[in-house]
Amino acid sequence: MSKCIGWKSTRRTSNMSLQVCHCGWSKTTTYQGLRTHQGKMGCTAKGTSIPQSEYLRLNTEPLPDTSLQVCHCGWSKETTYHGLRTHQGMMGCTMKGLRIPESKPFNFDSSVWELGLNDVSTPFNADLSIQVCHCGWSKVTTYQGLRTHQGKMGCTLEEGALFPNTFHFIDEKEGVKTDSGLPSFSTPTDFAEATVKEEHKSLFETPQHSVQMPPNFHVVRRALGFSDQQNETIQTHQVAKEKEELRSVSDTLQRSNDMVQKVKAAQQVDSSSEYQQERQDRITADLQLKLQMIKQKKAEVKSSVKAFKCQLDREWLEINSVFSDAMKVMEEAREKALQPLEERRVKAKKEAQDLMQQLQEEIDKLTKAMSDSDTNFQVSPSLMTATFDTSCSFGSLRVTTSTMMEQIDQKLEKLSSVEIKRFHRFEVDVKLDPSTAHRQLLLSADGKEVSDGGESQEVSDTLERFDLYSSILGVNSLVSGKSYWEVVAGDKTGWDMGVARGSAKRTGKLSLNPDGGYWVVVHYNDDKYAAMAEPPVGLTLSEKPDRVGVFVDKDKGFVSFYDVTAQSHIHSFTGCSFSDTEIFPYFSPHLRENGRNAEPLIICAVTR
């Protein structure tokens with residue numbers, strides 16, 4: 001309403017009267033002035049209209065509906081019922097589900113307030129008094145004003161706690177403050193059941209509560225008709241009384257605050273105790289978990305120690321058994337070597353006794369002949385020339401010792417299985433170096449397989465590459481310490497395996513022996529084996545090895561070869577001089593030989 005007619009109304013002055021808005025505003029003006037106020041202040045609820053006939057008055061008498069309206073929140077004002085309802089709608093004083101029927105508004109036309117509870121008017125002395133909340137809030141208002149504050153500010157006690165259900169009244173006759181119990185409602189639903197039957201539905205639905213009448217109610221009623229001076233005198237007297245009551249309530253509030261502080265301190269102590277107990281429980285649980293983990297670790301260590309002892313005992317028994325067998329072979333060889341001496345000793349002793357006896361008999365005969373002066377006694381010519389045979393024709397011990405060594409080797413061969421079980425700890429990841437491969441060799445993509453391709457490939461000629469022998473080196477140098485790897489040879493008719501110095505010759509004719517920087521075992525002609533020493537040493541194997549293991553102890557200068565499948569020893573090089581130089585694994589798959597030797601040499605994972 002941008003051009004509402006207010007004070008500058010063109011209507012006749014006779015139309016001016018006391019205009020009262022439902023918000024509580026009032027003024028001697030025209031109806032359009034009222035509407036202008038409502039438009040500016042937003043007092044008109046959406047969807048409603050205020051008929052001109054209701055507000056337009058042609059006389060100056062006050063509107064009959066204007067009276068002192070009091071809300072249960074403590075608000076009070078001389079206004080209409082709609083002003084009360086507007087206040088309740090704007091301030092949120094109306095509780096959900098409850099209404100104040102227009103037929104029974106708050107007014108002061110009678111000696112009491114009339115409130116409908118189940119259609120029964122319940123008159124009682126209204127008691128406006130100092131209401132104190134447990135949060136520290138206080139105000140001269142009704143009990144419902146206290147409840148409204150608690151609802152707005154969230155001061156409601158914990159679930160299950162009830163608000164005080166007694167009202168304080170002042171007896172008109174004696175002026176003594178008494179408590180009167182009213183129905184208490186523990187839930188909003190119970191409270192809603194105590195509503196009045198509404199006669200008219202209004203715009204706002206306000207709950208109907210029992211309210212407390214202000215002190216000296218009749219004096220206040222009569223003051224409505226007095227002059228402003230009289231009203232001020234009454235109000236001054238009332239304010240003094242309220243201040244006195246406020247001081248009393250302040251003392252009570254202080255005591256309540258002290259009690260609250262004590263309760264809070266006790267709660268903090270309880271909370272601290274609970275926290276300490278919870279913390280202690282967590283620490284205890286954590287320690288118990290750690291204790292269980294330590295006990296489990298102890299059990300694991302105990303089990304590992306037991307298993308390790310069993311492993312040591314088994315290995316000890318194996319080694320002791322092998323050496324016991326070897327010692328037995330040696331003992332047998334020793335007895336065999338000493339047996340001719342013992343036999344000769346016994347025979348020589350008998351021969352010496354017989355000869356000595358013959359000589360003694362001859363001595364006795366000669367002595368008797370001398371005593372008898374027997375000149376005819378003749379000494380036996382054989383005794384005069386008798387000699388003792390001291391010759392030892394035992395022959396050579398080589399046969400005995402050779403046999404013994406063969407038997408000992410057979411016995412000691414059983415130690416190979418014990419050795420092979422230990423080597424997996426020294427496994428190295430060997431890969432082939434294509435820059436050293438003969439131009440006719442074929443390599444797999446992972447660098448683990450090599451075979452003879454039968455045809456030369458276009459590769460660069462370098463001093464690192466083998467140009468005459470179909471050989472190749474590993475890409476990784478063997479560091480100090482122990483190294484072990486295994487190679488699958490399959491049914492190949494020929495191959496080379498071993499190690500080579502990094503500085504060994506690779507072009508032209510090679511000397512595959514320790515002097516040339518190679519420590520190699522060679523398989524050739526399908527069933528022949530040799531250790532390339534100087535001179536080469538032929539090897540006798542009971543069967544063709546399918547998987548060959550190579551063990552290197554660089555620090556001790558030792559290279560040994562094993563038949564992993566048969567768990568047997570093939571050959572060992574000792575005293576190797578490569579501790580101060582780089583050495584690399586060495587391989588040669590040999591030529592195809594019309595397709596018979598086409599299978600590759602395969603570097604495989606170590607058998608465990």
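A quick note: this is a predicted structure, and the numbers were derived from the prediction, not measured.

Calculation notes
- Residues numbered from 1 in each chain as written.
- Predicted model: local features only at pLDDT ≥ 70, side-chain atom pairs only at ≥ 80, totals over all residues.
- Heavy atoms only, no water.
- Helix = DSSP H or I, 4+ residues; strand = E, 2+ residues; numbered from the N terminus.
- Contact = heavy atoms within 4.5 Å.
- Areas by Shrake-Rupley, 256 points an atom, 1.4 Å probe, with all protein chains shown as cover.
- Pairing = 2+ DSSP bridges.
- pLDDT = per-residue confidence, 0-100.
- Buried < 20%, exposed > 50% of the residue type's maximum accessible area, 1.4 Å probe, protein only.

Asker: Could you clarify how one ought to interpret the overall build of the protein in this entry?
Answerer: Along its length, the protein carries 10 helices and 23 strands. Taking the intrachain contacts of the protein between residues at least 6 apart in sequence as the baseline, contacts between residues at least 24 apart amount to 62%. With the model as given, the accessible surface of the protein reaches about 37,800 Å², and the carbon-plus-sulfur share is 53%.

Asker: Sorry if this is basic, but what is going on with the pairing of strand E17 (residues 528-531) here?
Answerer: Put simply, side chains in a regular strand alternate between the two faces of the sheet. Bridge count between strand E16 (residues 518-524) and E17: four bridges; the pairing is antiparallel. Within E17, the residue paired with Val522 across the bridge is Ala530. Counting the residues between successive antiparallel strands, the hairpin from E16 to E17 contains three residues, one of them, Asn525, with a positive phi of roughly 50°. Two strands pair when backbone bridges link them, and E17 and strand E18 (residues 537-539) are joined in this way by three bridges, in the antiparallel orientation. Bridge pairing in E18 links Ala530 to Gly538. From the end of E17 to the start of E18, which pair antiparallel, there are five residues.

Asker: Is there a simple way to explain the environment of Leu591 in this structure?
Answerer: One can find Leu591 in the loop between strand E22 (583-588) and strand E23 (601-604). Considered as a pair, Leu591 and Trp495 are 96 residues apart in the sequence and their alpha carbons are 8.9 Å apart. Excluding its chain neighbours within four sequence positions, the residues that come into contact with Leu591 are Gln440, Asp452, Ser470 and Asn597.

Asker: Explain the confidence of the model for the protein to me, please; I cannot follow it from the model alone.
Answerer: Should the pLDDT be low somewhere, the predicted coordinates at that spot are not to be read in detail. For the protein, per-residue confidence averages 76 on the pLDDT scale, and 74% of positions sit at 70 or higher. In the predicted structure, residues 55-64 sits below a pLDDT of 50 and forms 17 contacts with residues beyond four places in sequence or in another chain. Below pLDDT 50 for its whole length, residues 103-126 participates in 74 contacts with residues either more than four positions away or in separate chains.

Asker: Would you take a moment to explain the environment of Ala533 for this structure?
Answerer: Within the secondary structure, Ala533 is located in the loop between E17 and E18. By relative accessible area, which is 18% here, Ala533 ends up buried. In this structure the C-alpha to C-alpha distance between Ala533 and Tyr518, which are 15 residues apart in sequence, comes to 9.0 Å. Apart from the residues within four sequence positions on either side, Ala533 is in contact with Asn513, Pro514 and Phe573.

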